[in-house]
Amino acid sequence: MSADKRYYLTTPIYYVNDVPHIGHAYTTLACDVIARFKRLDGYDVHFLTGTDEHGQKVEKSAAVAGIAPQEFTDRVSQNFRDLADAMNYSHDDFIRTTEQRHIEASQAIWAKLKENGHIYLGSYAGWYAVRDEAFYDESELTEGEGGTKLASSGAEVEWVEEPSYFFDLSKWQEPLLKFYEDNPDFIAPKSRRNEVISFVKGGLHDLSISRTSFKWGVPVPNDPDHIMYVWLDALTNYITAVGYPNTDSDEYTKRWPVDLHMVGKDILRFHAVYWLAFLMGAGIDVPKRVFAHGWWTNEGQKISKSIGNIIDPNEIVETYGLDQVRYFLLREVPFGNDGDFSNKAMISRINSDLANDLGNLCQRVLSMINKNCDAKIPECRPADLGAYPVNGTLQDAHRLLEKVRVHIDNQAFHEALKEIWRVVRDANRTVDESAPWTLRETDPEAMASVLYILAEIIRHFAILLQPFMPQSCAKMLDQLAVPENARGFSQLQSADEEAFDENALKAGTPLPTPEGIFPRFSD
Ligand code: ME8
């Protein structure tokens, strides 16, 4: 496979102290859709997710649970793997930062940074927020209740004073700014790129990258009194997973640099500033792109364990169905913006787009074929091609892949779905205009042609929508008797052909009895 047909993408690795909620499900879902899309489009994909298991926050949570940190992380990391199964994610690897391969990689990047002269020993005195696992300047703090001090994220900070190794981040301001300028698509969306640039322009301080006041982390090479700062350890997971420090290995040379780091807006700075500088310092190629998506709230409120309004993905999947949830999350909110989850919005989206538009189209076309065409794929008379309104819709369906591909490459999932739905709605309109039920009386062969064309249109939708709704599309393709090995994007017809190509549905193929795929919900 040629080098440009490879795609490596990652999710953040999630802190194991939290219960997985809709926010975590969202980021990994977005990556899952891209991974599935690229595979169907002929790419050799590597899709990585996992859990971030070191640091003070996890150590504290384990102490509260009354068990050793390793036992605690073994238990709670499983929650994230269960979520991955429940959401039907297709990741190729699930990394845990407590694994030996990762400890070795983290120590290796540290040694490289040290060897290249970017690490020095000093002592840290300043503010630290355990919740964010981040250091803050006095100027960034506000006064909280009872005289506490709060970081800009709302997390409480504590004063930390201890010996620490530092990374010479202050020296990277100019190289970083030059990199952002030379690579305008590195940070997306644009508004977030501007935020990062102004942060870096504001000046960078050297970064404390080791701690001595607790133990739960990767030991610093040759100085085991120190453990590595959890973010340096965590970010390194992205190269651990492709075999670092074995940079000559096939896996590493094939996969790195990564094509896309998908993150939430809360952790963009760590990826687009610190990670970039660490990699540059270690002489490692840098990522091609970082996309920072927006934040979900629940019925207008911030999602938080303390408020008790966490949306459990398992519960909404149970209520609405897995593919319905997958569709809603990526269709409802322009990817990159913040979004609000509400049951009302979910029901309205499912009913209008899935039940009324796509579901109804499939149901009416497949039932007509079942009743009037002996439950077999009908024949399309060449003379009828171009003669009925459904033909225009067929041409539009042929053009969809090209358009949708661009949106997926821009991580514009909502645009990709909108593009497909324009044609889905059009298909419902042109069935009415082509009126196969009237043709049944006047010209049954023309009715067969119209139904064949509609079945071909549905085949295109079902193949294209697989990344978003894998199970439902599999049902749609089963109902059209499309073999499992004929469901890739290479089976879609390209726009410039006049007649049907060899991948089109074969007349005479027997079809199963149609079944509804997207039930309506009462509002
Ligand atoms: O930050 N809306 O882990 P984390 C949308 N371990 N996305 C949300 C969300 C919400 N309300 N809440 C969480 C960490 N997320 C580090 C990452 S990476 C080397 C280390 C998603 O468990 C979003 O992707 O706090 C966010 O960036 C991530 O969960 C934070 O997960």
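Below is a summary of the structure that appears in this document. The structure displayed is predicted, hence computed values, not measured ones.

### Points about the overall build of the chain
Okay, so step 1: Helix and strand content of the chain: 18 helices and 18 strands.
Okay, so step 2: Its C-alpha atoms give the chain a radius of gyration of 26 Å, within 12% of the compact-globule value 24 Å for 523 residues.
Okay, so step 3: In terms of overall dimensions, the chain has a C-alpha envelope of 90 × 50 × 40 Å along the principal axes.
Okay, so step 4: Going through the 523 residues of the chain one by one, you find that 59% of them count as buried.
Okay, so step 5: Looking at the chain alone, contacts between residues at least 24 apart form 77% of all its contacts between residues at least 6 apart.
Okay, so step 6: If you average the places of the 52 positive and of the 78 negative side-chain charges in the chain, the two averages end up 2 Å apart.

### As for the site of the ligand
Okay, so step 1: Looking at the ligand, there are 22 residues lining it, with Ile13, Tyr15, Thr27, Asp52 and Asp266 nearest.
Okay, so step 2: With respect to the ligand, the backbone of tyrosine 15 contributes an N or O atom lying 2.9 Å from an oxygen atom.
Okay, so step 3: Threonine 27 has a polar side-chain atom sitting 2.7 Å from an oxygen atom of the ligand.
Okay, so step 4: Against a free-state accessible area of 680 Å², the protein chains account for coverage of 94% of the ligand.
Okay, so step 5: Of all elements in the fold, only strand E1 (6–15), helix H1 (22–40), helix H7 (230–235) and helix H8 (237–240) reach the threshold of two or more residues within the shell around the ligand.
Okay, so step 6: Looking at which element gives the most residues to the shell around the ligand, the answer is E1, with 4 residues.

### Things to note about helix H3 (residues 69–86)
Okay, so step 1: Here H3 is 18 residues long and its end C-alpha atoms lie 26 Å apart, about the 26 Å a rise of 1.5 Å per residue gives.
Okay, so step 2: For H3, the set of buried residues is Phe72, Thr73, Val76, Ser77, Phe80, Leu83 and Ala84. In an axial view of H3, the angular spread of the buried residues amounts to 120°, which keeps them on one side of the axis.
Okay, so step 3: Where H3 ends, the next residue or the one after it, asparagine 88, has phi of about 60°, a positive value.

### Brief notes about the sheet that holds strand E11 (residues 210–211)
Okay, so step 1: Strands sit in the order E11-E13-E12 across an open sheet of 3 strands; the sheet is antiparallel. Two strands in the sheet have a free side with no partner beyond their single neighbour: E11 and strand E12 (219–220).
Okay, so step 2: Of the strand pairs in this sheet, E11 and strand E13 (residues 223–228) are connected by 2 bridges, and their pairing is antiparallel. Across the sheet, serine 210 pairs through a bridge with methionine 228, a residue of E13.

### Details of the pattern of salt bridges
Okay, so step 1: If you walk through the whole model with that rule in mind, you get 41 salt bridges.
Okay, so step 2: Note that aspartate 92 is salt-bridged to arginine 39, the shortest N-O span being 3.2 Å. With aspartate 92 in the loop between H3 and strand E3 (93–96) and arginine 39 in helix H1, this residue pair connects regions lying 53 residues apart in the sequence.
Okay, so step 3: Aspartate 92 sits in the partly exposed class, given a relative accessible area of 40%.
Okay, so step 4: One salt-bridge network, held together by shared partners, links Glu332, Arg349, Asp353, Asp357 and Arg425.

### Notes on the sheet that holds E3
Okay, so step 1: Spatially, the 6 strands line up as an open sheet ordered E3-E2-E1-E14-E15-E9, and their pairing is parallel. Every other strand in the sheet has two partners, leaving E3 and strand E9 (187–188) as the edge strands with one partner each.
Okay, so step 2: Where E9 lies against strand E15 (residues 290–293), 2 bridges are found, and the strand directions are parallel. The partner of alanine 188 across the bridge, within E15, is phenylalanine 291.

### Structural notes on the nonpolar core
Generally speaking, soluble globular proteins have nonpolar side chains that are buried together.
Okay, so step 1: Residues Leu330, Leu358, Trp421, Phe461, Leu465, Phe468 and Met469 are the most contacted members of the largest nonpolar core, which totals 101 residues.
Okay, so step 2: In terms of residue count, helix H17 (residues 444–464) provides more of this core than any other element does, 14 residues in total.
Okay, so step 3: Those residues in contact with phenylalanine 461 that lie beyond four places of it in its chain are Leu358, Leu361, Leu400, Ile420, Val423, Val424 and Ala427.

Rules of the game
- Residues numbered from 1 in each chain as written.
- Predicted model: local features only at pLDDT ≥ 70, side-chain atom pairs only at ≥ 80, totals over all residues.
- Heavy atoms only, no water.
- Helix = DSSP H or I, 4+ residues; strand = E, 2+ residues; numbered from the N terminus.
- Rg over C-alpha atoms; globule rule 2.2 N^0.38 Å.
- Buried < 20%, exposed > 50% of the residue type's maximum accessible area, 1.4 Å probe, protein only.
- Contact = heavy atoms within 4.5 Å.
- Lys, Arg positive; Asp, Glu negative; His and termini not counted.
- Charge placed at Lys NZ, Arg CZ, Asp CG, Glu CD.
- Near = heavy atom within 4 Å.
- Polar contact = N/O pair within 3.5 Å; in protein donor to acceptor, adjacent residues only side chain to side chain.
- Areas by Shrake-Rupley, 256 points an atom, 1.4 Å probe, with all protein chains shown as cover.
- Expected span 1.5 Å × (residues − 1).
- Arc of directions from axis to C-beta.
- Pairing = 2+ DSSP bridges.
- Salt bridge = Lys/Arg side-chain N within 4 Å of Asp/Glu carboxyl O.
- Core = buried A, V, L, I, M, F, W, Y, C linked by side-chain atoms within 4.5 Å.

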